[in-house]
Amino acid sequence: MIQEAQGPALHIERIEKTYRKGRIRALRDARLSVERGSCFGLLGPNGAGKSTLVKSLMTVVKPNVAQGTLLDRPIGDKKVLARVGYLPEHHQFPDYLTGAQVLKHVGAMAGVPSAECAKRAEANLRLVGMSDWAKKRVGSYSKGMRQRIGIAQALMNDPEIVLLDEPSDGVDPSGRRDIRNMIRDLKQRGMTVFLNSHMLTELEQVCDRVAIMHKGRVVSQGTIKELTEDGRRVEIELTDEETAARIAQQIPGLVDHRLEHDGTVLKLFGGTPETTQSVIDLARREGATIRRFFETRPSLEDLFMEAVESDASVGAVSNASAKGGDA
Amino acid sequence: MIITQTKAMFVDAFRELHARKLFWITMALSLVVVLAFALLGVDPNRGVTFAWFVIPGFEEFAQRVPPDLFYRFWMITIGVNLWLSWVATIIALISTAGIVPAMVTSGAIDTMLSKPIGRVRLFLTKYLTGLFFTLAQVSVFVVGCVLVIGFRAGDWEWGLLLSIPIVTLFFSYLFAMSALIGLLSKSPLTAVLITALLWFAVFVVNMADGIMVDIRSGFEEDRDTAQVQMLSLPGRIERLEERLAEEEASGEAEDSRTAKVLESTRRELESFDGRAEEASKSAAAVNKWHRYVFGLKTVLPKTGETVGLIDRWLIDTKELGVVFPDQFGSGSEGDSVYSDTPTTLSEIKPRAVRNQDVIRARSVGWVIGTSLAFELLILGIACFIFARRDF
């Protein structure tokens, strides 16, 4: 069902959701854009509004304001959902159904004809490694198996975009690796993947772009490289603390970058290769011995923590948190 | 797409019912009732039999009631009015009470709402799948009974198949309430308990209506009886007065027996007149209160009367007279001799006939229409809530 790319797969101009007559603002000023064929990760702490955002897109929750498009159709349009796959967080399938029956039922509800449903169910069960369990009841599945079936059902309508809400929730490390591989595979097939997770390493490994959400706002978004650019730094570790202090005093006049001096380590933030070279030349002139030299970037976790901890910088954010556990 | 989705929901409903043991237990019990019905026999020579045993005390009944009416009567009385309308309905309410709460459970509802299907259609289709339970149960039971009557009495009563939509309709009133409460509470237990409570409230109102109609019929019968009894008295008094005048003219009036009889007849007339007036007043007083009960009943679902439509359609008043001659009188055996302005005691309608007349005078449109209006209101509220709620 992958179609010719037109606009972005998902473009949110403005989305707002309040609960309890406006007292709780779960979503506010959430803007983001997801390119077709990309893997987009949305991360944020519990209560940030990630699930509310996804539920709003899937019409499970009715937003107060929803401006934007999903597969070129206005957000909230029911028909477009035939082209969207969705794995809800904490999903539940009836215990009396087998894995294959769940897939066929969900496929039929998405409007897929029964013959096609049977074929896709078989293929998707194979994709998630559940073929041997196809005829066993969901009630007998482990958490990881349920999660695999959840992913398989999200693909039953061969969607153009699939929204996976915490796909690795409760899955063991080997299962998580399998899920990452599945996501890469989907992306290779041209599918747009929207990943909602607080498993930062998972997002880091598979996503092209990420957005960080906090208290209902998207506080930053971009490629991981873009997001980590500001925090990129060169660390030069010398053998002598005194020499390091001397060099640190001279650097502000030499290069126009932020420098932090921590014992024998000089940290130069956002430096270009040229400015880094200048600092090394200075160190040589001062007779310093360089013990270690390396470039480092902040991890997604660092950015995440920074976003969460810099609550004040987010603006006039009320203390209200989103409804539910991970709203 | 609509057909694919609807079919999927019904297939899922069947699987859900299949997984619930209660469904098959009810089905098995229904078949046991049909089997018991098949073992019931009526023979003018032997009486009523069960398997090869003769049930004592029914010899006269077996001679009076023809086999086809016998089976029809027991099928409606025990099969529909007792088994389907009470026992099977209670089991069905318990079995289906979890359908809506299970659908709106967090995690399950997300998957359904994220599909290209409108919320109202989703809810109503789920509601219809709940009715599927009763439809399946009732169909098996009624078809079984029709076959029994056909083979045992040689009378193929296809009209009995009307019981299938009627009992399903009756259940739909209750299930609408159960669905709304299940949606609000997300608890099957709460849905069952509150629906049972509402059903009981409806039952009480219906019973109050029935009792008031019966009491009023009793007063009306008393009034008509008194009026008929005093019809002949004015003429008799006139004749006695003439005779007394003749006796007075002939000087035989002293210690006249005629005078005593005249006096007693006048007192009798006054007494009957008083009884008729008192009965009329009492009937009017009951009628006044009955209007309030009837008004309340109008807006509530007519559970009893909906199922009662089967009686109305399949057993007429004359046949009721054959089954219950004491209550419905001889007038119902042949052409009706009852009159609204009776001049003889035999023309006075018995209380049971009056009750039947009142119940049968209520149109099918009123019974089903007002009940469906209630059901639509409940479903409308449920759909409104379901369509607007965040999950």
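If you're wondering where the values come from, they're calculated on a predicted model, not measured in any experiment. (Residues numbered from 1 in each chain as written. Chains lettered and ligands numbered in written order. Predicted model: local features only at pLDDT ≥ 70, side-chain atom pairs only at ≥ 80, totals over all residues.)

Enquirer: Before we move on, could you go through the nonpolar core and cite the residues and values that matter?
Expert: Residues Leu163(A), Val193(A), Leu195(A) and Cys145(B) are the most contacted members of the largest nonpolar core, which totals 145 residues. Counting residues per element, this core draws most heavily on helix α8 (residues 163-185) of chain B, which supplies 13 residues. With residues near it in sequence (within four places) discarded, Val193(A) still touches Cys39(A), Phe40(A), Val162(A), Leu164(A), Ile183(A), Leu186(A) and Lys187(A). In this structure, Val234(A), Ile236(A), Leu238(A) and Ala283(A) belong to the second largest nonpolar core, which totals 11 residues. (Core = buried A, V, L, I, M, F, W, Y, C linked by C-beta atoms within 7 Å. Buried ≥ 20, exposed ≤ 12 C-beta atoms within 10 Å, placed from the backbone. Helix = DSSP H or I, 4+ residues; strand = E, 2+ residues; numbered from the N terminus. Contact = placed C-beta atoms within 7 Å.)

Enquirer: Describe the domain arrangement of chain B, listing the residues and the values that go with them.
Expert: Interface extent is often summarised as the accessible area lost during association of the parts. Residues and elements named next belong to chain B. Domain boundaries in chain B define domain 1 (2-228 + 284-388) and domain 2 (230-278). Between the C-alpha centres of domain 1 and domain 2 there is a distance of 55 Å. Facing 6 residues of domain 1, the contacting portion of domain 2 comprises 5 residues. Of the residues contributing to the side of domain 1 that touches domain 2, the split by class is 2 nonpolar, 2 polar and 2 charged. (Domains from an automatic or database assignment. Nonpolar A, V, L, I, M, F, W, Y, C, P; charged D, E, K, R; others polar.)

Enquirer: Run through the sheet that holds strand β14 (residues 265-269) of chain A, naming residues and quoting values.
Expert: Residues and elements named next belong to chain A. Spatial strand order, β13-β14-β12-β15: 4 strands in an open sheet with antiparallel pairing. Across the chains shown, the open sheet's two edge strands, defined by having one partner strand only, are β13 (259-262) and β15 (290-296). Recorded for the sheet is a direction-independent mean angle of 15° between the axes of neighbouring strands. Here 6 bridges tie strand β12 (residues 233-238) to β15, and the two strands are oriented antiparallel to one another. (Pairing = 2+ DSSP bridges. Axes fitted to C-alpha atoms, helices over the stretch in contact; angles between N-to-C directions.)

Enquirer: Tell me about the environment of Arg152(B), and please be specific about residues and values.
Expert: Residue and element names in this part refer to chain B. For Arg 152, the location among the structural elements is in helix α7 (residues 119-153). Linking Arg 152 and Tyr 71, residues 81 residues apart in sequence, is a C-alpha distance of 8.6 Å. Setting aside chain neighbours within four positions, we find Arg 152 in contact with Ala 38, Gly 41 and Tyr 71.

Enquirer: Lay out unusual backbone geometry with the relevant residues and their values.
Expert: In this structure, Asp72(A) takes a positive phi of about 65° despite not being glycine. Summarising the element assignment, Asp72(A) is placed in the loop between β5 (65-70) and β6 (73-74). Despite not being glycine, Ala51(B) has its phi angle at roughly 55°, a positive value. Within the fold, Ala51(B) resides in the loop between β2 (47-50) and β3 (53-55). For Ala51(B), a count of 9 C-beta atoms within 10 Å gives the class exposed.

Enquirer: Please set out the domain arrangement of chain A residue by residue, giving values where relevant.
Expert: Split into domains, chain A comes out as domain 1 (10-224) and domain 2 (232-296). Taking only C-alpha atoms into account, the centre of domain 1 of chain A sits 46 Å from that of domain 2 of chain A.

Enquirer: Go over the confidence of the model for chain A, please, and point to the residues and values.
Expert: Per-residue confidence for chain A gives a mean pLDDT of 87; residues scoring 70 or more make up 93%. Segment residues 312-327 of chain A is flagged for pLDDT under 50; beyond a separation of four residues in sequence, or across chains, it makes 32 contacts in the model. (pLDDT = per-residue confidence, 0-100.)

Enquirer: Residues and numbers for the pairing of strand β4 (residues 39-43) of chain A, please.
Expert: Residues and elements named next belong to chain A. In terms of residue burial, β4 counts as a mostly covered element, since 5 of its 5 residues are buried. Along β4, one buried face is formed by Cys 39, Gly 41 and Leu 43 and the opposite face, lined by Phe 40 and Leu 42, is buried too. In terms of strand pairing, β4 meets strand β10 (residues 209-214) through 4 bridges, oriented parallel. Counted as the bridge partner of Gly 41 is Val 210 from β10.

Enquirer: Run through helix α3 (residues 114-127) of chain A, naming residues and quoting values.
Expert: All names here are of chain A. With 14 residues, α3 should cover 20 Å at 1.5 Å per step; its first-to-last C-alpha distance of 20 Å lies within 8% of that length. What α3 keeps buried is the set Cys 117, Arg 120, Ala 121, Asn 124 and Leu 125. Buried residues of α3, seen end-on, are gathered within an arc of 135° and therefore sit on one face of the element. In this structure, α3 carries Ala 115, Lys 119 and Arg 126 as exposed residues pointing more than 90 degrees from its buried face. Tucked inside the fold, the buried residues of α3 contact α2 (99-109) and α4 (143-154). In the segment just after α3, Gly 129 is the residue with positive phi, at about 70°. (Expected span 1.5 Å × (residues − 1). Arc of directions from axis to C-beta.)

Enquirer: For the pairing of strand β1 (residues 40-43) of chain B, give the residues involved together with the corresponding values.
Expert: Along any regular strand the residues' side chains alternate between the sheet's two faces. Bridge count for β1(B) against β2(B) is 4 bridges, and the pairing is antiparallel. What sits directly across from Asp43(B), in β2(B), is Gly47(B).

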